[in-house]
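# Examination of the molecular architecture
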There are 6 protein chains.
Amino acid sequence: MKYSLLGEALSNIPFEERTEENGLPFWRSVRNPIVARNPIKGVARIYNSAVVPFGAGFAGVFRGDTLNGWPLLFVGFSKDGYSFDIREQPIRMEYENGAPYEMEYGYDPRAVKIGDTYYILWCDGLGGQPTIGLAETKDFKKFVFKGHPVLPYSRNGVMFPRKINGEYVLLTRPSDQGHTPYGDIYLSYSKDLEYWGKHRLVMKPQSSWERLKIGAGAVPIETSEGWLLLYHGVTQTCSGYVYSMGGALLDLDDPSRVLHRSKNYLLTPEKEYECVGFVPNVVFPCAALSDSATGRLALYYGCADTVFGMAFSTTDEILDYILGH
Amino acid sequence: MKYSLLGEALSNIPFEERTEENGLPFWRSVRNPIVARNPIKGVARIYNSAVVPFGAGFAGVFRGDTLNGWPLLFVGFSKDGYSFDIREQPIRMEYENGAPYEMEYGYDPRAVKIGDTYYILWCDGLGGQPTIGLAETKDFKKFVFKGHPVLPYSRNGVMFPRKINGEYVLLTRPSDQGHTPYGDIYLSYSKDLEYWGKHRLVMKPQSSWERLKIGAGAVPIETSEGWLLLYHGVTQTCSGYVYSMGGALLDLDDPSRVLHRSKNYLLTPEKEYECVGFVPNVVFPCAALSDSATGRLALYYGCADTVFGMAFSTTDEILDYILGH
Amino acid sequence: MKYSLLGEALSNIPFEERTEENGLPFWRSVRNPIVARNPIKGVARIYNSAVVPFGAGFAGVFRGDTLNGWPLLFVGFSKDGYSFDIREQPIRMEYENGAPYEMEYGYDPRAVKIGDTYYILWCDGLGGQPTIGLAETKDFKKFVFKGHPVLPYSRNGVMFPRKINGEYVLLTRPSDQGHTPYGDIYLSYSKDLEYWGKHRLVMKPQSSWERLKIGAGAVPIETSEGWLLLYHGVTQTCSGYVYSMGGALLDLDDPSRVLHRSKNYLLTPEKEYECVGFVPNVVFPCAALSDSATGRLALYYGCADTVFGMAFSTTDEILDYILGH
Amino acid sequence: MKYSLLGEALSNIPFEERTEENGLPFWRSVRNPIVARNPIKGVARIYNSAVVPFGAGFAGVFRGDTLNGWPLLFVGFSKDGYSFDIREQPIRMEYENGAPYEMEYGYDPRAVKIGDTYYILWCDGLGGQPTIGLAETKDFKKFVFKGHPVLPYSRNGVMFPRKINGEYVLLTRPSDQGHTPYGDIYLSYSKDLEYWGKHRLVMKPQSSWERLKIGAGAVPIETSEGWLLLYHGVTQTCSGYVYSMGGALLDLDDPSRVLHRSKNYLLTPEKEYECVGFVPNVVFPCAALSDSATGRLALYYGCADTVFGMAFSTTDEILDYILGH
Amino acid sequence: MKYSLLGEALSNIPFEERTEENGLPFWRSVRNPIVARNPIKGVARIYNSAVVPFGAGFAGVFRGDTLNGWPLLFVGFSKDGYSFDIREQPIRMEYENGAPYEMEYGYDPRAVKIGDTYYILWCDGLGGQPTIGLAETKDFKKFVFKGHPVLPYSRNGVMFPRKINGEYVLLTRPSDQGHTPYGDIYLSYSKDLEYWGKHRLVMKPQSSWERLKIGAGAVPIETSEGWLLLYHGVTQTCSGYVYSMGGALLDLDDPSRVLHRSKNYLLTPEKEYECVGFVPNVVFPCAALSDSATGRLALYYGCADTVFGMAFSTTDEILDYILGH
Amino acid sequence: MKYSLLGEALSNIPFEERTEENGLPFWRSVRNPIVARNPIKGVARIYNSAVVPFGAGFAGVFRGDTLNGWPLLFVGFSKDGYSFDIREQPIRMEYENGAPYEMEYGYDPRAVKIGDTYYILWCDGLGGQPTIGLAETKDFKKFVFKGHPVLPYSRNGVMFPRKINGEYVLLTRPSDQGHTPYGDIYLSYSKDLEYWGKHRLVMKPQSSWERLKIGAGAVPIETSEGWLLLYHGVTQTCSGYVYSMGGALLDLDDPSRVLHRSKNYLLTPEKEYECVGFVPNVVFPCAALSDSATGRLALYYGCADTVFGMAFSTTDEILDYILGH
């Protein structure tokens, strides 16, 4: 490997060899979509969702839009990373004192393991308005609600997989009440996951395919060249938004510094299941598995706000692409 | 049957057994779309349209968008309820005195039989602005224009299939001049079909999938549990509107009272012919046939403002679903 | 008098000789505003309001915006038509059966006497949405709510002062949920004030100063040349709406026919109390007194949604102006 | 005094007896505006600004819009609280290490004294986007920049004048990039002024005059009945926004709890200098002086985004009003 | 004089000494407004208009908005430059062949003398859409229509007072169909006033007070330091647009080059007649007289789209200001 | 042939017999799309592009949207008119003096041969704003930039294939900065390709399918009945724009005169590759080849802003259709 992945090895990472010559560092799974419409009872669409290694397999926290049009979080488990046993009962969280936390709604979850704890972030309602919710779990059964790191209006909260300089680091995308027609990625620090400060701008839209807004996608991946941030970028045509995926490398010690950033997108809607659905023309990266032994990377991404898909790459392909474009 | 349908028997109702496990009370016809693009000379798309039993078969009043982009009404006849002989000449109406009524435009028709007369309602232009037009026919050849029950701006006018407490009852959806981003269903009474009053609110959007607006769909179906109203509900994504179908039960004697209402939709765009077309992501219910002997129900609905489709269900499935969700 | 006023004589009509050379048929009262800010306890602004002859003096139904920003109706009495004793308690209406009618809100009232009964129309909430409310009173103490003649969304309901061809006639301006950026005047008939039909378009915006929308103002005044309709017309600048007053003559027997219409406005915001206030640049005609003996006319109009004013003219000046422009 | 003010005595508080019978708890200074247009060299308008007792007199942090249309902060001093010596040089801040902090822009400052330190909050640019800036000073000469308590987009940051349960408490109004057409007041805690958490919704718009948005105004005033929060509320007419002032009482120990809140506004634009200017129809409370010995209160507020004014009241009048409406 | 004015002497230039200490290079006439509301029969408001020396006095081409809200052009003459005899009959133009040119509408005229001919430019309708119209006159009686130099959508066409490098030079502001929320100043060349090319960008908005759009105002004035361009710049508050006046110096030989530009505005709405009216908060420069012998300059500008005003300065004051800010 | 084509014979014109019965004069190629996604290295989509006969085959100027979302122009060559060898290097233009012209962006090119020179028009940036760029080439290797015929904001510039009355003739569609929600086709003349004047309105939207805006498509084709103009027309649904193709015949000597115009569209999105993609529901005509010997016509058009397609017809079919509808 030309560049090294600094995380753990993941020998059972789902992976397929490239079957698609698209000039991009990612290629799609031939098994896409891996979660189709009406996946479980009462749920219409599962798409923008988080997957992490868990035990001998994988666990996922899924955005499921119910038949009454309401987004909730669901938990699921998989042996191979493709096929998930998703529970019909939405996730029920509790406060530290055991009292139930009544979630107004929950969507676009991310999950990250720090130490032996999994932290879940998602778009939650605070006073009815969208902001980031934070919860922790060790077993994906009991989820303890830890509050809202930031005030409304915010979406796309993503935490780094380890403390940096002794502090937790969170990416967010300040938003508005609706289909936010703007958006930059910011970063905040915390010593205790409860109080956050030292807010910094990380990056703004740069290329045309992301000119409307950008937002963090998968948990940043530590590489020898910096934190690899896979994010979504949005442009607006006369018929709606188009979501593509971008990539950047952030400084390992000061992740508000962008070292490199690809002018080109790394993935864009092309397949019928990405271009047709509840929201046409969306690829929305939410999670990535990586294997430091091989440099392999498996990306999970939402497709057209309707189904869930996977794509693959390697550290070398991605970093060469970002450093080259 | 668990619940009874109070209308007439319709032994020749088109019907297919369920082939689709979607968790919803309706399943689609395997013959969809039953009217495809460019169906007759000069007409680009036939979609949101009305079908009623007529003679030994069925008659339809169809919305046809011409090759110059103008919506007009067309009449058609069918033996089996699937295959329609649609006349190329648009419907020409006349006043009671025989003078021609020059329709500016006509779209989204509904048809209901009361006694031995068929009443047609559609979106008509009054002073150039959209409101409900009303006409009557007995033979689907001669259509007598009866005026506009309500002032602009209105759409989705649907009449009940019998008088209630001695008066005709009309559902409408007050609208605006354009792609109306709001809408509730109201109800009005008339003794003579000419003067209307006693306006009541029936219902407003409730669930997320219908949060933008709702509008009456098929003629209400009389059941032992109330009037079954199949209606459309609309939500708005960052790339446009999505039209689904909802269901409610209205009080038999006071149909402005909602007895039950499904939080879940009963049908939502999933098939390629519902998700792709002139207006992506539309299922638009306009008519339903029902057979009181078997509880069978055949729904006609517009797909993507482009083609015309059918779906099936039974009273028992629908009412269990509405009462259960 | 060149033209005759067909209504009753009103010897105590408030009137002032012309003091303003503005090229328009109306001149303002030197006592303007006749109702200033904070006119009664708990009320911030009284403006778009109705005044009619009553007993030996005058009665008014006033739009009062309370200190919590809510529009309600208030009753008041005057001996001279200038100075009103307005009651602090908002009007409370009742149904015919004596049960109280809980008004959600009430604004922009008009009042008309037909026979020995006064009919009040105003913008009322039906299912929370704006439409016309109708009530009757004989003494301005007891107000009986008669329902909503038309469905939402409607504003600016004005009734003619007598039946025409045996039917009541109502002008309305179909509207939307907000600050309606369009609007035409329509007309409807009723035999019983409960059921309304035979809807007709009366007129659309024509000149530049009314290009956004128009709406009926004062109760039409019967003249030898037709019904004199004083109405408001609105244009939109880069800094908001500007409300002026127009005039038209409608056919006495078929008031949906416009016989003459002034291309020029009859009054436009010029004075500080018309140009500065809660909504700058508004003159909003709501009522007119007329004296058939002299042809004198006293106009009541709201100013800048803040205060209440008067202007004067004569039938001859107005009709010459309308027939001449 | 019926109710007690819990803060310090302020024997030199500027004060005038009531000269205005407006039904409201506040009356205006007869010397308004106390800062007129073009107040100092290079500055067009001084308006939404903070004033605090300082030494034997008063100090102010002023929003000044320069002749190139750019909002900056200026410092000024006064002996009587009316007449301010405002320095022509904008405030220049520095980091704790002495390096200059280059402020992109600064507007709508508030100032609060906690212990012996004055904290200044204002709307500052972070990555070019509006959020709250925080600085401290002891002498109004040296201002040390302490960072941004919250991420963009935020405005109207106001701190409580003492720690509550050992933590600093901050009110903010999450906003968007532009003329934010919505807005609720939220509250956050901090142990160190650097990291903030425990975000809570305090209140949303309630009455019609504040239906668009609300935002904290003056530093909360401690009374026997709770924290008195004077805030601004905004409604939208067809010609723009109207800013009034509201009042609420928050729980002394848990200030996210609203104990009482006036449905009526406490001040609304009425005077020519409030209704005419760069932004017509604005009263914008920013600061209040209070004297616990007499219950007197002097309010400073911006007028029409153009000039600076004062109004007066007493604890008793205000609390009776809030408790009564 | 520190800087020289290169044009002609104009001994009878209207002029007043400074009476206003506003920190700006211009001071207003104490006789403002020089044209008030309802100035001539049938005309409501005269404001954005052109004035040039003519014979022993001055001629003007005035924008008059008629009582039907329609903008037309009127001619007027003055001996002193203050008091104008404006003709009631709108200007009627003709083609070169003598056939009448039917102007759809005409507004915001400018006038420039080149050689012995006066050229009038204004916003004219081409196919109903706004663009620049061009006409010539020698006597302000006969106006010959010369066509439209540029396609719709354009406004604020201003010609230089002499050929540059043998070609006519025109400034325009490309626009849209409505209240254009953007706008830069461009420049085009012509050899014959009929065909135009060599289009260049001159300048875009730069400061906050002009951030929405800019447009050329008075005919450029030739000075030793370059062409002095007085232009309008617009910003947008939550209640509408605010028009101020800016100043720039363009290269004498290549006027698409901006040599200097004032960051500060040179005039902004402050007076009641500039802040209140049909469009509040507008100062709109349209014409300037200058006297090379004294360096005096008399500016004509529209106020609030309602009245017409004057302001004064000298070359030295203006150029020092532009070079200094 | 019923009607004659006046251009040159093109014996190698690509052509297919009709395979589609759609009631329209055009039928699609069975080989569509002829250019698919990711056609060349670094380019995501090639669509709205120009093709002309060149040498023994064909040359094309292609709009290619790069992987960073930026539109550029590319050159390509083909022997059969179907299969193009498109160069990976974007077109680099130069000024007449050989200096490179740095194109900000380039899209929607058209190409026309006049004499022995090919003229390329496209949407270019002037001061960053969209307008028409003009270049000439003889060999499709060296492209000389000839400036911008018109000011911003303009798109869809199309030149006639010969001088008319001794002058070059250009069609444009004045536009705005964004997704222009209006648009008419205008025409301008030039003697030298540098200075343009005599601007005329050609046509406005007329039918419902083009009600939002229209713009010229292919280079006009000279026929015995007039210049055949194939253009695009756009309507707006609640989910975005729909682009169809219209046809008109312009007077041979005065091409601003529309002799005939089809009320019906000539092509509309129906195929999956026209309805699904970056911008759903777009057919965008850009070029046409014609063979005067046979009357055959091959149309090139962009599909869904994603791929490139062809359709075929004959002069007789098209003209009969236009003259008949």
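This text goes with the structure placed above it.
The structure contained in this document is the topic of the report that follows. (Residues numbered from 1 in each chain as written. Chains lettered and ligands numbered in written order. Predicted model: local features only at pLDDT ≥ 70, side-chain atom pairs only at ≥ 80, totals over all residues. Heavy atoms only, no water.)

### Structural notes on the sheet that holds strand 13 (residues 154–159) of chain B
Pairing is antiparallel in the open sheet, where 8 strands are placed in the order 13(B)-14(B)-15(B)-16(B)-16(C)-15(C)-14(C)-13(C). Of all strands in the sheet, those with a lone pairing partner are strand 13 of chain B together with strand 13 (154–159) of chain C, marking the two edges. Within this sheet the neighbouring strands show an average axis-to-axis angle of 35 degrees, counted without direction. Where strand 15 (residues 185–190) of chain C meets strand 16 (residues 195–203) of chain C, 5 bridges bridge the pair, whose relative direction is antiparallel. Bridge pairing in strand 16 of chain C places Ser 190 of chain C opposite Trp 196 of chain C. (Pairing = 2+ DSSP bridges. Helix = DSSP H or I, 4+ residues; strand = E, 2+ residues; numbered from the N terminus. Axes fitted to C-alpha atoms, helices over the stretch in contact; angles between N-to-C directions.)

### Considerations on the packing of aromatic side chains
Summed over the entire model, instances satisfying the criterion amount to 150 aromatic pairs over all chains. Both rings, one in Tyr 241 of chain D and one in Tyr 243 of chain D, keep their centres 6.5 Å apart while their planes meet at 45 degrees; by these two values the pair is tilted. A residue is classified by how much of its surface remains accessible, and Tyr 241 of chain D, at 7% relative accessible area, is buried. Ring geometry for Tyr 300 of chain F and Phe 308 of chain F: centres 5.7 Å apart, planes at 20 degrees, overall stacked. (Phe/Tyr/Trp six-rings, centres within 6.5 Å; stacked < 30°, edge-to-face > 60°. Buried < 20%, exposed > 50% of the residue type's maximum accessible area, 1.4 Å probe, protein only.)

### Some points on the pairing of strand 20 (residues 240–250) of chain D
Looking down a regular strand, the side chains alternate between one sheet face and the other. Residue and element names in this part refer to chain D. Taken across its 11 residues, strand 20 has 11 buried, putting it largely inside the fold. With 11 bridges joining them, strand 19 (residues 226–237) and strand 20 adopt antiparallel strand pairing. Paired with Thr 235 across the strands is Val 242, a residue of strand 20. Here strand 19 hands over to strand 20 after 2 residues, the two strands then running antiparallel side by side.

### Details of helix 2 (residues 315–324) of chain D
Along helix 2 of chain D, the residues classified as buried are Thr 315, Asp 316, Ile 318, Leu 319, Tyr 321 and Ile 322 of chain D. For helix 2 of chain D, the secondary structure elements touched by its buried residues are strand 18 (221–223), strand 19, strand 20, strand 21 (258–261), strand 23 (296–303) and strand 24 (307–314) of chain D. (Contact = heavy atoms within 4.5 Å.)

### Regarding the environment of Pro 33 of chain A
Residue and element names in this part refer to chain A. Relative to the helices and strands, Pro 33 is located in the loop between strand 1 (27–28) and strand 2 (43–46). For the pair Pro 33 and Tyr 273, spaced 240 residues apart in sequence, the C-alpha to C-alpha distance is 7.3 Å. Apart from the residues lying within four places of it in its own chain, the contact partners of Pro 33 are Tyr 273, Val 307 and Phe 308.

### Brief notes about the nonpolar core
Judged by nonpolar contacts, the single largest core of 124 residues is most densely connected at Phe 26 and Met 159 of chain E together with Phe 26 and Met 159 of chain F. Sequence-distant contacts of Met 159 of chain F, defined by excluding residues within four places in its chain, comprise Val 112, Ile 114, Tyr 119, Leu 121, Leu 134, Tyr 168, Val 169, Leu 170, Leu 193, Val 219 and Pro 220 of chain F. (Core = buried A, V, L, I, M, F, W, Y, C linked by side-chain atoms within 4.5 Å.)

### Details of unusual backbone geometry
Of note, the bond from Asn 32 of chain A into Pro 33 of chain A is cis; its omega dihedral lies within 30 degrees of zero at -10 degrees. Backbone torsion omega between Pro 152 of chain F and Tyr 153 of chain F reads 0 degrees, so that peptide bond is classified as cis. Among the structural elements, Tyr 153 of chain F can be located in the loop between strand 12 (143–145) and strand 13 (154–159). For Phe 140 of chain A, which is not glycine, the phi torsion reads 60 degrees and is therefore positive. For Phe 140 of chain A, the position within the fold is in the loop between strand 11 (129–137) and strand 12 (143–145). The backbone phi angle of Asn 165 of chain C is positive, close to 50 degrees, even though this residue is not glycine. Residue position: Asn 165 of chain C is located in the loop between strand 13 and strand 14 (168–174).

### Side note on the interface of chain C and chain B
When the parts of a complex come together, some accessible area is lost, and that lost area is often taken as the interface size. Listed as interface residues are 31 residues of chain C and, on the opposing side, 31 residues of chain B. Approximately 2500 Å² of surface area, both sides summed, lies buried where chain C meets chain B, with 59% of it carried by carbon and sulfur atoms. The largest share of the area that chain C buries against chain B comes from Leu 151, Tyr 195 and His 199 of chain C, three residues that together contribute 30% of it. Scanning the region where chain C abuts chain B turns up 0 salt bridges. The interface formed by chain C and chain B holds 11 residue pairs in polar contact (both at pLDDT 80 or more) in total. Among the elements of the structure, strand 14, strand 15 and strand 16 of chain C are those that each provide at least two residues to the side of chain C that touches chain B. Of all the elements, strand 16 of chain C adds the most residues to the side of chain C that touches chain B, at 6 residues. Looking at the side of chain C that touches chain B residue by residue, the classes come out as 13 nonpolar, 11 polar and 7 charged. Where strand 16 (residues 195–203) of chain B and strand 16 of chain C come together, 3 bridges link them in antiparallel fashion. (Buried area = accessible area lost by both parts, 1.4 Å probe. Salt bridge = Lys/Arg side-chain N within 4 Å of Asp/Glu carboxyl O. Polar contact = N/O pair within 3.5 Å; in protein donor to acceptor, adjacent residues only side chain to side chain. Nonpolar A, V, L, I, M, F, W, Y, C, P; charged D, E, K, R; others polar.)

### Things to note about the interface of chain B and chain F
Taken together, the contact between chain B and chain F spans 19 residues of the former and 23 residues of the latter. Where chain B abuts chain F, roughly 1600 Å² becomes buried across the two surfaces, and 56% of that area is made up of carbon and sulfur atoms. The largest contributions to the chain B side of the interface with chain F come from Leu 67, Asn 68 and Phe 278 of chain B, which together make up 34% of the buried area. Across the chain B-chain F interface, the total number found is 0 salt bridges. If you look at where chain B meets chain F, you find 8 residue pairs in polar contact (both at pLDDT 80 or more). For the side of chain B that touches chain F, the residue count by class is 9 nonpolar, 8 polar and 2 charged.

### Examining the environment of Gln 236 of chain F
Positionally, Gln 236 of chain F belongs in strand 19 (residues 226–237). Expressed as a C-alpha distance, the spacing of Gln 236 of chain F and Leu 212 of chain F, which sit 24 residues apart in the sequence, is 6.6 Å. Leave out the neighbours within four places in its chain, and Gln 236 of chain F touches His 179 of chain B together with Leu 212 and Tyr 241 of chain F.

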